[in-house]
Amino acid sequence: MKIVLAIIQDQDTHRLSKKFTENNVRATKLSTTGSFLKSGNTTFIIGIEDERVDEVLEIIKETCESREQYMPNPTTSIDPTIDTFIGATIKVPIGGATVFVLPVDSFHQF
Ligand code: 2BA
């Protein structure tokens, strides 16, 4: 068994949950925050049999879109200790999904 940890954009969460349900993939959804943009994203925890990992990766790949987001340029911050910015914005690409696949020592449901 493996754990797939998938960090995705909030806009894709509903479609991905639906796809997992349709394909009998069990998952837990966490509300998370990216440390760079400091905006919300979603992390799915998926426990899955080894032979279904590729299927899960394919579902994530075809469901999650790459996008670009604008943020205030941190190099023009008035004071780095506060979240106040002046000046130009920069364009930040956000991947469709950031995915980690981890081994599982054991799995129990009581
Ligand atoms: P954030 O940390 O908010 O990052 C959003 C996007 O900003 C990233 O997209 C990347 O294009 C850019 N970015 C992040 N750190 C940067 C830096 N130090 N300098 C310049 N640009 C930077 P993605 O790479 O697609 O990542 C999307 C989200 O996935 C991230 O949101 C974070 O929550 C998570 N993530 C990405 N890589 C990770 C990793 N190695 N470990 C844990 N979480 C990760």
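Given the structure is predicted, the values throughout are model-derived calculations rather than measurements.

Overview of the site of the ligand
Here's step 1: Around the ligand, the structure places I7, G34, S35, F36, L37, N41, V92, P93, I94, G95, T98 and F100.
Here's step 2: F36 is positioned with one of its backbone polar atoms (N or O) 2.9 Å from an oxygen atom of the ligand.
Here's step 3: Separating an oxygen atom of the ligand from a backbone N or O atom of G95 is a distance of 2.6 Å.
Here's step 4: Broken down by secondary-structure element, the contributors of at least two residues to the shell around the ligand are β5 (89-94) and β6 (97-103).
Here's step 5: Residue contributions to the shell around the ligand peak at 3 residues, all from β5.
Here's step 6: Here the shell around the ligand is built from residues that sort into 7 nonpolar, 5 polar and no charged.

Here's the deal with the nonpolar core
Here's step 1: Counting 14 residues, the largest nonpolar core has L16, F20, I46, V56 and I60 as the members making the most contacts within it.
Here's step 2: Sort the elements by how many residues they give to this core and helix α2 (residues 53-63) lands first, with 4 residues.
Here's step 3: Excluding residues that lie within four positions of it along the chain, L16 makes contacts with I8, F44, I59, I60, T63 and C64.

Points about helix α1 (residues 13-22)
Here's step 1: The set of residues buried in α1 consists of T13, L16 and F20. Along the axis of α1, the buried residues cluster in a sector spanning 70 degrees; they form a single face. Turned more than 90 degrees from where α1 packs its buried face, H14, T21 and E22 sit exposed.

Some remarks on unusual backbone geometry
Here's step 1: For N24, which is not a glycine, the phi torsion comes out positive at approximately 55 degrees.
Here's step 2: Note that N24 resides in the loop between α1 and β2 (27-33).
Here's step 3: If you check the backbone angles, K38 has positive phi at about 55 degrees while not being a glycine.
Here's step 4: With respect to the helices and strands, K38 occurs in the loop between β2 and β3 (40-48).

Describing the environment of F100
Here's step 1: Note that F100 resides in strand β6.
Here's step 2: Residue classification places F100 among the partly exposed residues on the basis of a relative accessible area of 42%.
Here's step 3: Sequence separation of F100 and I7 is 93 residues, and the distance between their C-alpha atoms is 8.7 Å.

Observations concerning the sheet that holds β6
Here's step 1: Here we have 4 strands laid out as an open sheet, ordered β2-β3-β1-β6, and antiparallel in their pairing. The open sheet has two free edges, formed respectively by β2 and β6, since each of these has just one partner strand. Averaged over all pairs of adjacent strands, the angle between their axes in this sheet comes to 20 degrees, without regard to strand direction.
Here's step 2: Where β2 lies against β3, 7 bridges are found, and the strand directions are antiparallel. The residue bridging T28 from the neighbouring strand is I45, located in β3.
Here's step 3: Strand contacts of α1: β1 (2-9), β2 and β3, with the helix running at about 10 degrees to β3, the strand carrying the most contacts.

Calculation criteria
- Along each chain, the written sequence defines residue order, and numbers are assigned to residues from 1.
- Selection of residues for local features in this predicted model requires a pLDDT of at least 70, selection of side-chain atom pairs for listing and counting requires 80 or more, and totals for whole chains, interfaces and linings are taken over all residues.
- Heavy atoms from the whole structure form the basis of all side-chain values; hydrogens and water molecules are not counted.
- The cutoff for a nearby residue is simple: one of its non-hydrogen atoms must lie within 4 Å of the molecule or strand.
- Throughout this description, a polar contact denotes any pair of N or O atoms lying within 3.5 Å of each other; where both atoms belong to protein, one of them has to be capable of donating a hydrogen while the other can accept it, and for residues adjacent in sequence the pair is counted only when both atoms sit in side chains.
- A run of H or I in DSSP becomes a helix once it reaches four residues, and a run of E becomes a strand once it reaches two; helices and strands are each numbered from the N terminus.
- Note on residue classes: Ala, Val, Leu, Ile, Met, Phe, Trp, Tyr, Cys and Pro are nonpolar, Asp, Glu, Lys and Arg are charged, and everything else, Gly too, is polar.
- For the purposes of this section, nonpolar cores are sets of buried Ala, Val, Leu, Ile, Met, Phe, Trp, Tyr and Cys residues that join through side-chain atoms within 4.5 Å.
- Any residue under 20% of the maximum accessible area for its type is buried, any over 50% is exposed, and the rest in between are partly exposed; the area is computed with a 1.4 Å probe on protein chains only.
- In what follows, a contact means two residues having at least one pair of non-hydrogen atoms within 4.5 Å.
- Here, the arc refers to the directions that run from the helix axis to the C-beta atoms.
- Strand pairing is assigned whenever DSSP detects at least two bridges linking the two strands.
- As a rule, the C-alpha atoms of each element are fitted with a line to give its axis, helices using only the stretch in contact, and angles between N-to-C directions run from 0 to 180 degrees.

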